[in-house]
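Descriptive analysis of the structure
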Amino acid sequence: MASGRGWSGWLIWAALAAGTAGAVIAIAGIDTPARVPLVLVFLAVVPALAVTTLLGGLDRLGAVVIAGISTIVVDFAIAETMIISGTWSLRAGAAAVAAVSILIAAAGIAARRLAPGLGR
C-alpha cells in the first residue's frame with residue numbers, strides 16, 4: 001500500500017492547479033465569485049512551491065516553515081513595491097508573483113543541475 005506521500009502529491013498538484021486557475025482568472029480580468037479564493041490559493045502556494053526547489057536537504061518541518069515565511073516575504077515585498085510606486089492592481093500583482101516564483105524555481109532547478117549531490 002502506498003504511503004501518505006501519494007496523498008500529499010495529489011494535494012500539491014490540486015493546490016497548484018487551483019492557484020494557476022486563480023492567476024489566469026485574475027490576469028484575464030474575469031469577474032467571478034471564485035476569483036478571490038483562487039487568487040489567495042495562488043498567492044499562498046506558488047511562491048512556497050518555488051522556494052521548496054531550493055530546500056533539497058532540509059527535513060519536512062523546516063522546509064514548510066521556510067517556504068511559508070518565504071511566501072509571506074515574496075507576497076508582501078511585491079505588494080509594498082507596487083503600492084509605493086502607485087502601480088497596484090490585482091492583475092499586475094498576480095503576474096509579478098508568478099514571475100518572481102518562476103525565477104526562484106528556475107534558480108533552484110539550475111542549482112540542482114550544477115551541483116546534483118547537494119541537498120540529498
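Whatever comes next refers back to the structure up there.
Since the model is a prediction, treat every value here as computed from it, not as a measurement.

1. Focus: the packing of helix α3 (residues 60–85) against helix α4 (residues 90–114)
- Relative to each other, α3 and α4 sit at 135°, their axes nearing to 10 Å. Taken as axis vectors, α3 and α4 run oblique relative to one another. In this structure, the crossing between α3 and α4 has a hand that is right-handed. Between α3 and α4, the residues in contact are V74, D75, I78 and M82 and A92, G93, A96, V97, V100 and I104, respectively.
- For the contact of α3 with α4, a count of residues per class yields eight nonpolar, one polar and one charged.

2. What to know about the layout of surface pockets
- Taken as a whole, the largest pocket encloses approximately 830 Å³ of empty space.
- Along the walls of the largest pocket sit 23 residues, with S8, I12, L49, T52 and R60 positioned nearest its centre.
- For the lining of the largest pocket, the secondary-structure elements that each account for two or more residues are α1 (5–28), α2 (35–52) and α3.
- When residues of the lining of the largest pocket are assigned to their parent elements, the largest contribution, eight residues, is made by α1.
- Classifying every residue of the lining of the largest pocket by side-chain character gives 13 nonpolar, six polar and four charged.

3. Topic: the nonpolar core
- In terms of nonpolar packing, the biggest core is built from 17 residues, with F42, I78 and I104 touching the most fellow members.
- Mapped by element, the contributors of at least two residues to this core are α1, α2, α3 and α4.
- If we skip the residues at most four places from it in the chain, I104 touches A50, V51, T53, L54 and V74.

Definitions and limits used
- Residues numbered from 1 in each chain as written.
- Predicted model: local features only at pLDDT ≥ 70, side-chain atom pairs only at ≥ 80, totals over all residues.
- Heavy atoms only, no water.
- Axes fitted to C-alpha atoms, helices over the stretch in contact; angles between N-to-C directions.
- Helix = DSSP H or I, 4+ residues; strand = E, 2+ residues; numbered from the N terminus.
- Parallel < 35°, antiparallel > 145°, perpendicular 65-115°, else oblique.
- Left-handed = near helix turned anticlockwise from the far one by under 90°.
- Contact = heavy atoms within 4.5 Å.
- Nonpolar A, V, L, I, M, F, W, Y, C, P; charged D, E, K, R; others polar.
- 1 Å grid on protein atoms, 1.4 Å probe; cavity = no way out; pocket = protein on both sides within 12 Å on 5 of 7 lines; lining within 4 Å.
- Points joined across faces, edges and corners; volume = space filled by probe spheres on them.
- Core = buried A, V, L, I, M, F, W, Y, C linked by side-chain atoms within 4.5 Å.
- Buried < 20%, exposed > 50% of the residue type's maximum accessible area, 1.4 Å probe, protein only.

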